[in-house]
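# Coordinate analysis (summary)
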Amino acid sequence: MSKKNLNIGLIGYGFMGRTHSNAFLQAGRFFDLPYKPTLKAVCARNPDRVKSFAANWGYESIETDWRAMIERPDIDLIDIASPNDTHAEIAIAAARAGKMVMCEKPLGRNAAEALAMTEAVEAASVPNMVWYNYRRVPGVVLIKQLLDEGKFGRIFHYRAKFLQDWTISQDLPQGGEGLWRLDVAVAGSGVTGDLLAHNIDTAMWLNGPITEVSAVTETFIKERKHNLTGDVQPVGIDDASAFICRFENGSLATFEATRYARGHKALYTLEINGEHASAFWDLHDLHRIQYFDHQDEGRVRGWRNVHITDGDHPYMKHWWVPGLQIGYEHTFTHQFADFLQATGEGRSSAPTFRDGLATDRVTDAVLKSAKSRKWETV
Ligand code: SOE
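Given the structure is predicted, the values throughout are model-derived calculations rather than measurements.

So, on to the environment of G175. Structurally, G175 is set in the loop between strand 7 (155-163) and helix 7 (184-187). Sequence separation of G175 and T363 is 188 residues, and the distance between their C-alpha atoms is 22 Å. Those residues in contact with G175, other than ones at most four positions away along the chain, are W180, L182, D183, H226, N227 and L228.

As structure tokens, then:
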């Protein structure tokens, strides 16, 4: 079958621009897709740097103004990998121009922005997706399959955390390239939108909607020099954020994210406890899950350490041979392959903008609860 060409316009060339570009290049080599992705253009403000990014990744052309990129008739899909404060305006304009839209997480800086973005892509009926990539880790997908097959029975508990330590130094400035995540005007929030949002997206995919939350946040370093103004300015982001919550299915949960857990670089862990089974997953060991099945014979019952590398594990038949593991970058390739497959079949591929909006509603409730010191309904 001949494949339709799909011309991609990427906006932003930071860390996420690289993960997405790698996915665009790899997806068609490992998955049989209905489209042939072409890296048509990349857009960012600095002409020299965008040129060298384009040369390195094989983009055919460059733009320095995202509006010009959206107006181009030869672009089918706009991929937003620029800082959070640009997501809403670009996504809404791209949807109005009839482009497919993919957006880095979190969808908006808050749920109001995410709602406007969701309404725009839905009104334009354009395929859309948010890059919550951890849903595409084979081990996490395996847990989802086991849950859907009813292996866990009733769910009692969900537990998730995302720990980092890269902002502990008080000499670290805020704002500008690489450090916009510390500037509340650009990021929207701190670890709540940046890290907890990942935990929440996976949790709601595995365990259903969250109904109410009770949260605490802290900003440990209150002032930092701003890279753009040169002035010492108050820090508006949350450095650490933790909450307890209830899910619609009656289960209880604890969530914690911080950039002040010395020694932890990107420790995303999740655990789910049901009536018959429990599972645990850890990003630092992402190709394994720990699984406990109470229905095993008592004498040999225990936590199984499952190496997710066999052909019957999610996605794995597309990669190497059994026993050989894959990593972080593959989650983006899986997500892009799923998006193209679904688009080719006229389906949408989760997480859609509407799913991203659901996560932003929870992060808004978390920040609200931390302020009010009360339980907040999502
Ligand atoms: C922050 O350090 C960060 O890069 C997040 O922005 C990503 O979404 C997360 O996957 C890894 O950590």
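Let's pick the thread back up.
Counting residues in hydrophobic clusters, the biggest one holds 104 residues, and the most contacted among them are V42, A91 and V101. No other element matches helix 8 (residues 191-207), which puts nine residues into this core. Two domains share this core, each providing at least three of its residues, namely domain 1 (4-133) and domain 2 (136-377). Judged by nonpolar contacts, the second largest core, of five residues, contains L182, V184, A187 and I237.

Taken together, Q164, D194, H198 and A266 make up all the residues around the ligand. Split by residue class, the shell around the ligand holds one nonpolar, two polar and one charged.

So, about the domain arrangement of the protein. According to the domain assignment, the protein contains domain 1 (4-133) and domain 2 (136-377). Put simply, the middle of domain 1 and the middle of domain 2, counted by C-alpha atoms, are 23 Å apart. Listed by partner, the interface residues are 36 residues for domain 1 and 38 residues for domain 2. Sorting the residues of the side of domain 1 that touches domain 2 by element identifies helix 1 (15-30), helix 4 (84-96), strand 5 (100-104), helix 5 (111-124) and strand 6 (128-131) as the ones contributing at least two each. The greatest single-element share of the side of domain 1 that touches domain 2, amounting to eight residues, is contributed by helix 1. Classifying every residue of the side of domain 1 that touches domain 2 by side-chain character gives 23 nonpolar, 10 polar and three charged.

Turning next to the sheet that holds strand 1 (residues 4-11). With parallel pairing, the six strands of this open sheet are ordered in space as 3-2-1-4-5-6. A strand with exactly one partner marks an edge of an open sheet, and here the two such strands are strand 3 (61-63) and strand 6. The mean inter-strand angle of the sheet, taken between neighbouring strand axes irrespective of direction, is 25°. The sheet contact formed by strand 1 and strand 2 (residues 35-43) spans eight bridges and is parallel. From the neighbouring strand, N7 faces strand 2, where its bridge partner is T38.

A separate point is helix 2 (residues 47-57). Owing to its 3.6 residues per turn, the α-helix brings residues three or four apart onto one side. Of all the residues in helix 2, the buried ones are V50, F53 and A54. Projected down its long axis, helix 2 carries its buried residues within an arc of 100°, all on one side. What points out from helix 2, more than 90 degrees from its buried face, is the exposed set D48, A55 and N56. Once helix 2 ends, the next one or two residues include G58, with phi positive near 90°.

This next bit is on the pairing of strand 14 (residues 277-282). When a strand is regular, its side chains alternate between the sheet's two faces. Across five bridges, strand 13 (residues 267-274) lies against strand 14 in antiparallel orientation. Within the sheet, the bridge partner assigned to N273 lies in strand 14 and is S278. Between strand 13 and the antiparallel strand that follows it, strand 14, lie two residues. Judged from the four bridges that link them, strand 14 and strand 15 (residues 288-293) form a sheet pairing that is antiparallel. Residue pairing across strands places A279 opposite Y291, the latter belonging to strand 15. Here strand 14 folds back onto strand 15 in antiparallel fashion, the turn holding five residues.

As a rule of thumb, non-glycine residues mostly have phi less than zero, and peptide bonds are mostly trans rather than cis. With an omega of -10°, the peptide bond between K105 and P106 qualifies as cis. Checked against the element boundaries, P106 lands in the loop between strand 5 and helix 5. Between A350 and the following residue, P351, the backbone shows a cis peptide bond with an omega angle of -5°. In this structure, P351 sits in the loop between helix 9 (328-344) and helix 10 (353-372). Unusually for a residue other than glycine, S125 sits at a positive phi of about 50°. Counting through the fold element by element, S125 comes out in the loop between helix 5 and strand 6. A residue is classified by how many C-beta atoms lie within 10 Å of it, and S125, with 9 of them, is exposed. The backbone of Y315 shows a phi angle near 70°, a positive value even though the residue is not glycine. Note on placement: Y315 falls in the loop between strand 16 (304-307) and helix 9. Note on Y315: 21 C-beta atoms within 10 Å, which makes it buried.

As summarised here, the arrangement of the nine strands in space is 16-15-14-13-7-12-11-8-17, forming an open sheet in which the pairing is mixed. The sheet terminates laterally at strand 16 and strand 17 (376-377), the two strands that pair on one side only. Judged from the two bridges that link them, strand 8 (residues 210-218) and strand 17 form a sheet pairing that is antiparallel. Bridge pairing links V213 to E376 in strand 17. Across the sheet, helix 8 is in contact with strand 7, strand 8, strand 11 (240-247), strand 12 (252-258) and strand 13; its angle to strand 7 comes to roughly 155°.

Between helix 1 and helix 9, the shortest axis-to-axis distance is 8 Å and the interhelical angle comes to 65°. Crossing angle aside, the handedness with which helix 1 passes helix 9 is right-handed. Taking contact as the criterion, the partners of T19, H20, N22, A23, F24, Q26, A27 and F30 in helix 1 are, on helix 9, E329, F332, T333, Q335, F336, A337 and L340.

Thresholds, definitions, all that
- Residues numbered from 1 in each chain as written.
- Predicted model: local features only at pLDDT ≥ 70, side-chain atom pairs only at ≥ 80, totals over all residues.
- Helix = DSSP H or I, 4+ residues; strand = E, 2+ residues; numbered from the N terminus.
- Contact = placed C-beta atoms within 7 Å.
- Core = buried A, V, L, I, M, F, W, Y, C linked by C-beta atoms within 7 Å.
- Buried ≥ 20, exposed ≤ 12 C-beta atoms within 10 Å, placed from the backbone.
- Domains from an automatic or database assignment.
- Near = placed C-beta within 6 Å.
- Nonpolar A, V, L, I, M, F, W, Y, C, P; charged D, E, K, R; others polar.
- Pairing = 2+ DSSP bridges.
- Axes fitted to C-alpha atoms, helices over the stretch in contact; angles between N-to-C directions.
- Arc of directions from axis to C-beta.
- Left-handed = near helix turned anticlockwise from the far one by under 90°.

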